[in-house]
Amino acid sequence: MWYETRSVRATGRTGEPLVAQALDRGHEVTGFARDPADITHEDDRLTVVTGDAYGGTNVGEAVAGADAVVSVLGQGKESPDDLLTAAGDHILEAMADTGIERFVTLVGAGVREPGESVSFGGRVMGGLLKLVATEVLADAESHVDHVKASDTDWTVVRAPRLTDGVYTGNIDHGPDLELGLRDAATRANVAAFMLDCAEGDDYLHELPKVSDR
């Protein structure tokens, strides 16, 4: 989950393109994984740190010296109900201890800002999430609340259904982007957008949505 001297979560279906693109852009990358064998990339600019973000093991070592931290942690079938919140708190604590300010993190588009405009399809999607993924949505919302309350220069990227398509660069993004049931984004496009944010001050203290165009 980190990047450039910036940490990037190096495994997972979104972590893989994230690391590959960060390396392609010339960054030094620290990848964080429970099992280093899961990291398939080989590069002199890639450092692998083994640990557990949920338990906090070696998170401080992974973020040390980073310019920015990028997290693409996601809930799985056997994940703890509070995965994003607990892991995010460990990341934020490690960043505070080491003086790192830039943080870009990923959640689902079901996380809403108070008073934001939501399309009919978005309202349907939100209702379904509350019914079938109550704990996942609550965890993401809690994580976002903790990120907002932190002293970091944060950006929360909200993505719709993620697909495994190739990078195209054809995306729409913005806090007011309205998403419906058919909207989706390739993991590679989301990874590129998150790197764009981490490399500068795009969407500082905002929650942009992103979708394939």
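Structure first, text after, so check above.
Residues numbered from 1 in each chain as written. Predicted model: local features only at pLDDT ≥ 70, side-chain atom pairs only at ≥ 80, totals over all residues. Heavy atoms only, no water.

Engineer: Tell me about the overall build of the chain, and name the residues and values.
Structural biologist: In terms of regular secondary structure, the chain is built from six helices and ten strands. Residue pairs in contact within the chain that sit at least 24 positions apart in sequence constitute 69% of those at least 6 positions apart. Accessible area of the chain: about 9900 Å², with a carbon and sulfur share of 47%. (Helix = DSSP H or I, 4+ residues; strand = E, 2+ residues; numbered from the N terminus. Contact = heavy atoms within 4.5 Å. Areas by Shrake-Rupley, 256 points an atom, 1.4 Å probe, with all protein chains shown as cover.)

Engineer: Provide a residue-level description of helix α3 (residues 83-98), including the pertinent values.
Structural biologist: Helix length check: α3, at 16 residues, gives a terminal C-alpha distance of 23 Å against a target of 22 Å (1.5 Å per residue), a fit within 8%. Listed as buried for α3 are L83, L84, T85, A86, A87, G88, I91, L92, A94 and M95. Buried residues belonging to α3 abut α2 (59-63), β4 (68-71), β5 (102-108) and α5 (134-149). Within two residues after α3, G99 carries a phi angle of roughly 75°, on the positive side. (Expected span 1.5 Å × (residues − 1). Buried < 20%, exposed > 50% of the residue type's maximum accessible area, 1.4 Å probe, protein only.)

Engineer: Report on the pairing of strand β6 (residues 153-159), specifying residues and quantitative values.
Structural biologist: Of all seven residues making up β6, six are buried, and the element is well covered by its neighbours. Where β5 lies against β6, seven bridges are found, and the strand directions are parallel. Residue pairing in the sheet places F103 in a bridge with W154 of β6. (Pairing = 2+ DSSP bridges.)

Engineer: Can you explain the pairing of strand β2 (residues 29-33)? Please cite residues and give values.
Structural biologist: Counting buried residues along β2, five of its five residues qualify, which places the element largely inside the surrounding structure. Going residue by residue along β2, you find V29, G31 and A33 tucked away on one face and T30 and F32 tucked away on the opposite face as well. Two strands pair when backbone bridges link them, and β2 and strand β3 (residues 46-50) are joined in this way by five bridges, in the parallel orientation. Within β3, the position partnered with V29 by the bridge is L46.

Engineer: Before we move on, can you summarise the packing of helix α1 (residues 15-24) against helix α6 (residues 187-198) with the specific residues and values?
Structural biologist: Two numbers describe how α1 lies on α6: the axes approach to 8 Å, and their chain directions differ by 50°. In terms of orientation, α1 lies oblique with respect to α6. Considering the relative orientation of α1 and α6, their crossing is right-handed. Across the interface between the two elements, P17, L18, Q21 and A22 from α1 touch R187, A188, A191, A192 and L195 from α6. Broken down by class, the residue content of the contact of α1 with α6 amounts to seven nonpolar, one polar and one charged. (Axes fitted to C-alpha atoms, helices over the stretch in contact; angles between N-to-C directions. Parallel < 35°, antiparallel > 145°, perpendicular 65-115°, else oblique. Left-handed = near helix turned anticlockwise from the far one by under 90°. Nonpolar A, V, L, I, M, F, W, Y, C, P; charged D, E, K, R; others polar.)

Engineer: With reference to specific residues and values, describe the pattern of salt bridges.
Structural biologist: Counted according to the given criterion, the structure contains seven salt bridges. Note that D164 and R13 form a salt bridge whose closest N and O atoms lie 2.5 Å from each other. Highlighted residues: D164 in the loop between β7 (161-163) and β8 (171-174) and R13 in the loop between β1 (6-9) and α1, separated in sequence by 151 residues. According to the relative accessible area criterion, D164 is exposed, its value standing at 52%. For R25, the salt bridge goes to E199, with nearest N and O atoms at 2.9 Å. Taken as a pair, R25 in the loop between α1 and β2 and E199 in the loop between α6 and β10 (209-212) lie far apart in primary sequence, 174 residues in all. By relative accessible area, E199 is classed as partly exposed at 36%. Among the ionic contacts, a cluster of salt bridges with common partners joins R13, D164 and R187. (Salt bridge = Lys/Arg side-chain N within 4 Å of Asp/Glu carboxyl O.)

Engineer: So, the packing of α3 against α5: which residues are in play, and what are the values?
Structural biologist: Interhelical geometry of α3 versus α5 gives an angle of 20° and a closest axis separation of 7 Å. What the angle tells us is that α3 and α5 run roughly parallel. Here α3 and α5 pass one another in a crossing that is right-handed. Where α3 approaches α5, its residues L83, L84, T85, G88, D89 and L92 are matched on the opposing element by D139, A140, S142, H143, H146 and V147. Its residues assigned to classes, the contact of α3 with α5 shows five nonpolar, five polar and two charged.

Take it as geometry only, folks, not as evidence of what the structure does.
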